[in-house]
Structures are given as C-alpha cells and as structure tokens.
Amino acid sequence: MDASYLVKMLGEISKTMDENRERLIELDSVAGDGDLGLTMTKGFRAAYDTAEASGEADAGRLLYNAGKAMSSAAPSTMGTLMALGLMQGGKVLKGKTDLADEDIAAFFATYEEAVMTRGKAKLGEKTFLDGFDPGVKAMKGALDAGDSLAEATKKAAEAAEEAARSAEKASKDAGKSAEKAGKNAEETAERASKEIGKSSRQAGEEAEGATKKVQGGIEALSSALAAAGVAMAAKEIAEALYD
C-alpha cells in the first residue's frame, strides 16, 4: 500500500462531505452560524485536489500539504482543526512511501490527538470526537486482533455510527428530562403560588377577625366607660340632691 491509498481516502471523505453538505448546514444552524457544510465541503475538496495533483510518494508530505491547502481554503475554527489533523497525521508518516495497515491506524489516532489538543476538547463534550474516538479505537483493536484493514475500517465505521446514535439518543433524553424538569418546576411553582394565595386569604380573614374582635373590645370598653361615667354622674347628682 502506498500514498495513493491516502489520496483515495481523501477523495472519499470529500465525497461524503459533498453528499452531506445540506445536513451539516442544518445541524450547524441550531447552535452555530450554519457554515459547517460549506467549510467541510470546500476544505476537504481542496485537500483532495492538492493530494491528487501532487503525485507525491511521501505519505507524510502528501498529508501535510493537503492539510495546508485545507487550512487556506477553510480558515474557520473547524476547518483549521481538521487541517491540523491532516498536518499532524502527516508528521507521523513522514518519509514513508510504503504503508502498513498499522500506519493508517496511527494516522487517525494522531489526527484525533491533534484536534483534541488544539481544540482543547475532551470526550463527552458532545463534539464529533464522541463518534470519532470509538472508530479510532475499534480500528486499532481490530488490526491488533489480526483483521485486515478493510475489516478494521468496517468495524471502525460501525463503532463510530453506533456512538453517534447513542450520543443523539442521549441528547434527546436530556432534552426530554429538561422539559419534564421544567414542567415539574412550573407545576410546583403554581402549587406554591396557590398555597401562598390560600395562606394569604386565610391570614387576611384571620386578621379581619382579629380586627373585628379588637373593635368589639374597644366598643365594649367604650360602653363600659360610658356606663361608669353615667353611674358616676348619677352618684354625683344624688349626693348633691341629698346634701
């Protein structure tokens, strides 16, 4: 296997990006500026065209130059990360004109490491790495077990697809949980509001009752004072009459 394998690989990646251009735009529009489909299509097309036209036999130099072409064609954040992966992966294969199956696995492992390091990304942060990493590990594991590169590549694709589906399901489940939590919080707030309103009404009624009792007491006291005043006045009148 020589560097032509890498040219074919870049061609397949470019084709895949072309076929999924609108899908990538749609996904990126949810939380980004919607240019991912354009960036990936343009970037990997430049990488492939450069590699195909170069006639380069050195696998490392071929990938490095492909990465530089991609960096120029797609200077966005994602484009830069993908280009860096190609360039760093090229350094691992520098000087090689005859490639072993393990070299391809090493390239992908280095590609992933470069993206994680430069992008300061970690697994589990809902990036493309959550799908890419299982594929990288599956390929290495299959080759270590004695599988052919074709078999290892198939297992890598299956592992990556399964991881992507799991991530999508986890995201949907998280969304449902958040929605349920929000609904529960809303219901709890509504119940609390009703309880507060009920307590306020009860407190108001009790306050009103207390006020009435106080007013009644004041009226009774006033009546008592008035009666006492009348009695005192009557006594004074009687004493004056009997003097």
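Residues numbered from 1 in each chain as written. Predicted model: local features only at pLDDT ≥ 70, side-chain atom pairs only at ≥ 80, totals over all residues. Heavy atoms only, no water.

A.B. asks: When you look at the overall build of the chain in this model, what are you seeing that I'm missing?
C.D. replies: Helices and strands together make up the secondary structure of the chain, namely eight helices and zero strands. Seen in sequence order, the chain has helices and strands lined up from the N terminus as α-α-α-α-α-α-α-α. Expressed as a percentage of its 243 residues, the buried residues of the chain come to 29%. Carbon together with sulfur atoms contributes 56% to the accessible area of the chain, which is approximately 15,300 Å² in total. (Helix = DSSP H or I, 4+ residues; strand = E, 2+ residues; numbered from the N terminus. Buried < 20%, exposed > 50% of the residue type's maximum accessible area, 1.4 Å probe, protein only. Areas by Shrake-Rupley, 256 points an atom, 1.4 Å probe, with all protein chains shown as cover.)

A.B. asks: I keep staring at the pattern of salt bridges and nothing clicks. Help me out?
C.D. replies: Opposite charge on two side chains makes pairing possible when the charged atoms of those side chains draw close. On inspection of all chains with the given rule, the structure shows eleven salt bridges. A salt bridge links Arg23 to Glu26; the shortest N-O distance between them is 3.7 Å. One end of the pair, Arg23, and the other, Glu26, are both in helix α2 (residues 21-31), three residues apart, so they sit about a helical turn from each other. Owing to a relative accessible area of 40%, Arg23 belongs among the partly exposed residues under this scheme. Notably, a salt bridge pairs Arg165 with Glu162, separated by 2.9 Å at the nearest N-O pair. (Salt bridge = Lys/Arg side-chain N within 4 Å of Asp/Glu carboxyl O.)

A.B. asks: Could you clarify how one ought to interpret the side chain of Asp28 in this entry?
C.D. replies: As for its placement among the helices and strands, Asp28 is situated in helix α2. Arg21 provides the closest opposite charge to the buried, salt-bridge-free Asp28, at an N-O distance of 12 Å. Among residues more than four places away in sequence, those in contact with Asp28 are Asp33, Gly34, Asp35 and Leu36. (Lys, Arg positive; Asp, Glu negative; His and termini not counted. Contact = heavy atoms within 4.5 Å.)

A.B. asks: Looking at this model, I keep getting lost on the packing of α2 against helix α3 (residues 36-54). Mind explaining?
C.D. replies: Two quantities define a packed helix pair, namely the angle between the axes and the distance from one axis to the other. Relative orientation of the contacting elements α2 and α3 amounts to 140 degrees, with a least axis distance of 6 Å. Viewed along their axes, α2 and α3 adopt a mutual orientation that is oblique. The segment α2 lies against α3, with Arg21, Leu24, Ile25 and Asp28 engaging Leu36, Gly37, Leu38, Met40 and Thr41. Counted by class, the contact of α2 with α3 contains five nonpolar, two polar and two charged residues. (Axes fitted to C-alpha atoms, helices over the stretch in contact; angles between N-to-C directions. Parallel < 35°, antiparallel > 145°, perpendicular 65-115°, else oblique. Nonpolar A, V, L, I, M, F, W, Y, C, P; charged D, E, K, R; others polar.)

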